[in-house]
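Report on the structure
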Amino acid sequence: MTAHTLLIRDADLVATMDDARREIVRASVLVRGSAIEAIGPATELPREADHVIDARGHVVVPGLVNTHHHMYQSLTRAIPAAQDAELFGWLRTLYPIWAGLTPEIVRVSTQVAMAELLLSGCTTSSDHLYLYPNGVRLDDSIEAAAAIGMRFHAARGSMSVGESAGGLPPDALVEDEASILADTQRLIETYDDKGRYAMLRVVAAPCSPFSVSRDLMRESAALARALGTRMHTHLAENDHDVAYSRERFGMTPAEYAESLGWVGADVWHAHCVKLDPAGIAAFARTRTGVAHCPCSNMRLASGIAPVRRMVDAGVPVGLGVDGSASNDGAHLLGEARTAMLLARVGRALEPNGCDHGPREMTARDALALATRGGAQVLGRGDIGHLAPGMAADLALFDTRGLTHAGAAVHDPLASLLMCAPAPAAWTVVNGRVVVERGQLTTVDLGPLVERHNRLAQLLASSPG
């Protein structure tokens, strides 16, 4: 059987983000099945295919990549008691509410979070689910992702050290470590697809230094490496996080991670706001990745991650929207814009820190974090840029409207980052159109949001 073809025709600009960073004007992209077959000037590509998208007035970019999320938190956005708290206080406020999670709640909230991402041009997302009350399983998230059509890295999170043992989470929310490891192995062996263009991969992901033991960190790393999958956790998110690590372990977070085998090209850590110069050097030496989450870091007043220093040192860095209750949105193009702006102001606040000025992060730098950077952090060589043989993950943005007026005529690609974040007009995942003319094609969004809001009210009103 001949594979279905999709032609994205006559785009004003295709930003490939390939090794040469080619930006092709008046260009087309031909997709066959799940992969890109050809890309170049529209005059050099076919004019017809099984499905044709008229991309005049649009900028085409690689599908954006989200490297850190907690999708269940879409149910607890803007909870009043947690609006003005820092990380530890925020968690203590929300843990009792999250104790009411159910399989249905996880499935619905996962699809709401993924819908928001897809509508922002994001085609691949990780999700770190570390709470499993009331029969919740990671399988619930996996089923939701398959139905909505998002490329998914499902992180089997865990918490095993409760308050009574010196951890942060309530004892009722932690799990037995043997059970955690057994379920992580089950999930990897059942679902993890190591093939090119894989739509689903599974990650071993103990939650954080303040919620799991040294043994669980070590054994999770050994399990992941034995089964050939990746590892993910939180690290050095704020000053309290660093203080906890120094007091409890006698080490900086980076030293602690390295002592447990949690560095390497198969590892990525969320946040790293407080990663010190020695930590940056260790991460660069070992090719350990970082998920930079600027909106969450500002929302929780955690600080400004030293992203330029990481990138310049050779640390792989991608973007993450983080949990929906600490952002409180999931617009990955908006996250890239925020990363660009925060890097500029962050550098300016440092002593003698204005040597780069606004060039600390350019619009194209930010887009690179959201595409190639994220792909590298997730260990994917098949997504993150556009070229023949790459996965057909693309996002199209219409630059003819008010949002980009007076900008797209000068620099259409930069206008995506410099102007207010726009929704994607089209989003293609693995060759499948999942957003068409700004509307999801895979789920009926109205009933989904209505159900989500009812569940959010129910969850918030349930006794903790």
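What counts and what doesn't
- Residues numbered from 1 in each chain as written.
- Predicted model: local features only at pLDDT ≥ 70, side-chain atom pairs only at ≥ 80, totals over all residues.
- Heavy atoms only, no water.
- Helix = DSSP H or I, 4+ residues; strand = E, 2+ residues; numbered from the N terminus.
- Contact = heavy atoms within 4.5 Å.
- Phe/Tyr/Trp six-rings, centres within 6.5 Å; stacked < 30°, edge-to-face > 60°.
- Buried < 20%, exposed > 50% of the residue type's maximum accessible area, 1.4 Å probe, protein only.
- Lys NZ or Arg CZ within 6 Å of the ring centre and 35° of its normal.
- Salt bridge = Lys/Arg side-chain N within 4 Å of Asp/Glu carboxyl O.
- Polar contact = N/O pair within 3.5 Å; in protein donor to acceptor, adjacent residues only side chain to side chain.
- Axes fitted to C-alpha atoms, helices over the stretch in contact; angles between N-to-C directions.
- Parallel < 35°, antiparallel > 145°, perpendicular 65-115°, else oblique.
- Left-handed = near helix turned anticlockwise from the far one by under 90°.
- Pairing = 2+ DSSP bridges.

This part covers the environment of A325. Assignment of secondary structure puts A325 in the loop between β13 (317–319) and α11 (332–349). Taking the C-alpha atoms as reference points, A325 and P80, 245 residues apart in sequence, are found 11 Å from one another. Beyond its immediate chain neighbours, meaning those up to four positions away, A325 contacts Q73, T76, R77, W90, L94 and R299.

Before going further, it helps to examine the packing of aromatic side chains. For the structure shown, the criterion picks out 8 aromatic pairs. Ring geometry for W90 versus W98: centroids 5.6 Å apart, planes at 75 degrees, classification edge-to-face. Its relative accessible area of 0% is what places W98 among the buried residues. Ring pairing ties together the aromatic residues Y72, W90, Y95, W98 and Y130, which thus form one cluster. Above the face of the Y132 ring, R156 is positioned so that its terminal group lies 4.0 Å from the ring centre.

This brings us to the pattern of salt bridges. Two side chains of opposite charge can pair, provided their charged atoms sit close to one another. Tallied over the full model, the rule gives 30 salt bridges. Here R372 makes a salt bridge to D19, at a shortest N to O gap of 2.8 Å. One end of the pair, R372, is in helix α12 (residues 363–377); the other, D19, is in the loop between β1 (5–15) and β2 (23–32), and 353 residues separate them in sequence. With relative accessibility at 24%, the residue R372 sits in the partly exposed group.

It is worth spelling out the side chain of T427 at this point. Structurally, T427 can be placed in strand β15 (residues 426–429). By relative accessible area, which is 0% here, T427 ends up buried. A distance of 2.8 Å separates a polar side-chain atom of T427 from the backbone oxygen of L118.

Packing of helix α4 (residues 177–191) against helix α5 (residues 214–227) brings their axes to within 11 Å, and their N-to-C directions diverge by 20 degrees. Of the possible angle classes, the one that applies to α4 and α5 is roughly parallel. Pair α4 / α5 crosses with right-handed handedness. Between α4, through E177, I180, L181, T184, Q185, I188 and E189, and α5, the contact on the second element is made entirely by D215, L216, E219, S220, L223 and L227.

Time to look at the pairing of β2. In the sheet, β1 pairs with β2 via 8 bridges, with the strands oriented antiparallel. For L7, the partnering residue across the bridge sits in β2 and is L30. The hairpin formed by β2 and strand β3 (residues 35–41) contains 2 residues between the paired strands, and G33 there has a positive phi angle of roughly 65 degrees.

Summarising the element assignment, D192 is placed in the loop between α4 and β9 (200–206). On the basis of relative accessibility, which here comes to 15%, the residue D192 falls in the buried class. Of the polar contacts made by the side chain of D192, one reaches the side chain of K194; its length is 2.6 Å. There is a polar contact of 2.9 Å between the side chain of D192 and the backbone nitrogen of V202. The contacts of D192, once residues within four sequence positions are left out, are L187, L200, R201, V202 and T229.

These figures come from the coordinates and say nothing about function on their own.
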